[in-house]
2 protein chains.
Amino acid sequence: MEIKVIKTKFVGIVATSIDGRISQSKQSSLPWTSKEDWNFLQKTLQDFDAVIVGHNTYKVAEKNLKKRNTIVFSSQKHLSRGTVKFFNPKQADIKLYIKEKRYKKVAILGGPKVYNFFLENKMLDQLFVTIEPYVFTTGVPMFTGDKFSKHKFTLLFVKKLNKNGTLLLKYKYGN
Amino acid sequence: MEIKVIKTKFVGIVATSIDGRISQSKQSSLPWTSKEDWNFLQKTLQDFDAVIVGHNTYKVAEKNLKKRNTIVFSSQKHLSRGTVKFFNPKQADIKLYIKEKRYKKVAILGGPKVYNFFLENKMLDQLFVTIEPYVFTTGVPMFTGDKFSKHKFTLLFVKKLNKNGTLLLKYKYGN
């Protein structure tokens, strides 16, 4: 009997200011990224079987996420609503859940604690970073970790998305 | 009589992790950037008449800064030690001081409050950002402002500095 092992790929996708801020505040729903980044995101998500977001990100993007397989990290009890699954990663193993669902490519869409969860658990295989040409000076940082660590990535490519200089970077974890 | 007006150019130079962190802590003196970034910095500073740093950055980089015209933002009384001038920007006008000194190109080397001072006072004409391929998840952010604002920049160029994918970006303020 042949056993097929599915190795799921987890890919962080994030849009940031030059100074590493991803939004004004946790509940902020003001869209601020370029349409070129939006187009990139929509096109890229077609390749993914599911997305994972935190509760705040879900509330902000609910309308756009409902049509996809969406896992919302939440302290609530596990429950499902259509394509949306609320999941508490402290009570159950997300890796196991993804495996059971046979998702091969999962996009991590934030916020900072969710990106951090996958990084700390050595599950963040790749990272797309869109850098919009702004400095915010304050706001929500890309990652929120408890302890400083030099997590090494390797740049795969860099692409200019528009004339203003919105940049798309792609990294893989490790060397 | 001809009056020559010197318009000083202020250029921020910063090295950051992918997630917008410039060091582990304010007092951290551990060098963490690539040698290619270090070479870029040393070569670029040759074009500048003076550098401006905050007190923490000065303490960390004192040895390297002493040989240059260095202005240290400080709450101490104004005093000079060789090429180093301690300057309180709340008590005196830095623009006027630079003008008197006839400095044409001044490099802002951080930390976050110093970068922010020049940005908020609309004096940050250009910004070099070196992105090293790490995620820190915590640490000192690039800018520390009091209020959120979308300060618009325009990308002038992007350059890969080494095989790991250290990137050098150059921006100008505004459109």
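Up top is the structure these notes are about.
Observations regarding the relation of the copies chain B and chain A
Applying a rotation about an axis and a shift along it to one chain copy brings it onto the other copy. If you rotate chain B by 180° and push it 0.0 Å along the axis, it lands on chain A with an RMSD of 0.0 Å. Taken together, the rotation and translation relating the two chain copies correspond to the operation of a two-fold axis. Closest approach to the rotation axis within chain B is made by the C-alpha atom of B:Gly20, at a distance of 2.0 Å. An overlap of 100% is found between the interface residues of chain B and their copies at the interface of chain A, pointing to a shared contact surface.

Quick word on the pattern of salt bridges
The tally for this structure, following the rule as stated, stands at four salt bridges over all chains. One salt bridge in this structure joins A:Lys35 and A:Glu36, with 3.5 Å as the shortest N-O distance. Accessibility expressed as a relative area gives 60% for A:Lys35, which makes it exposed. Take A:Glu36: its relative accessible area is 23%, and that puts it in the partly exposed class. The partner of B:Asp125 in a salt bridge is B:Lys7, with the nearest N and O atoms 4.0 Å apart. Here B:Asp125, found in the loop between helix H4 (112-120) and strand S8 (126-131), pairs with B:Lys7, found in the segment before strand S1 (9-16); they are 118 residues apart in sequence, far enough to count as distant. Taking the relative accessible area as the measure of exposure, B:Lys7 reaches 65% and is therefore exposed.

Section: the sheet that holds strand S9 (residues 134-135) of chain B
The 10 strands are arranged S5(A)-S6(A)-S4(A)-S3(A)-S7(A)-S1(A)-S8(A)-S12(A)-S11(A)-S9(B) in an open sheet whose pairing can be described as mixed. Pairing within the sheet leaves two strands with one partner each, and these edge strands are strand S5 (79-81) of chain A together with S9 of chain B. As judged from the six bridges shared by strand S8 (residues 126-131) of chain A and strand S12 (residues 167-173) of chain A, these two strands associate in the antiparallel manner. Bridging across to S12(A), A:Val129 finds its partner in A:Leu169. Relative to strand S1 (residues 9-16) of chain A, helix H1 (residues 35-45) of chain A is tilted by about 170°, and along the sheet it contacts S1, strand S3 (50-54), strand S7 (105-108), S8 and S12 of chain A.

Scoring rules and cut-offs
For every chain, the first residue of its written sequence is number 1, and the numbers climb from 1 along that sequence. All chains are assigned letters beginning with A, and all ligands numbers beginning with 1, in the order in which they are written. Per-residue local features of the predicted model are confined to residues with pLDDT of at least 70, and side-chain atom pairs are confined, for both listing and counting, to 80 or more; whole-chain, interface and lining totals are unaffected and use all residues. With hydrogens and water excluded, all non-hydrogen atoms of the structure serve as input to the side-chain values. What sets the superposition is a least-squares fit of C-alpha atoms, and only residues with pLDDT of at least 70 in both copies go into it. Here, residues are in contact when the closest pair of their heavy atoms is within 4.5 Å. In what follows, salt bridge is the name for a side-chain nitrogen of Lys or Arg lying within 4 Å of a carboxyl oxygen of Asp or Glu. Buried residues are those whose accessible area, probed at 1.4 Å on protein chains only, stays under 20% of the maximum for their type, while exposed residues exceed 50% and partly exposed ones sit between those limits. By definition, any uninterrupted DSSP run of H or I lasting at least four residues is a helix, any uninterrupted run of E lasting at least two residues is a strand, and each is numbered from the N terminus. The rule for pairing is simple: two strands pair if DSSP sees at least two bridges between them. Convention adopted: a line fitted to C-alpha atoms gives each axis, helices being fitted over their contacting stretch, and angles between N-to-C directions are expressed from 0 to 180 degrees.

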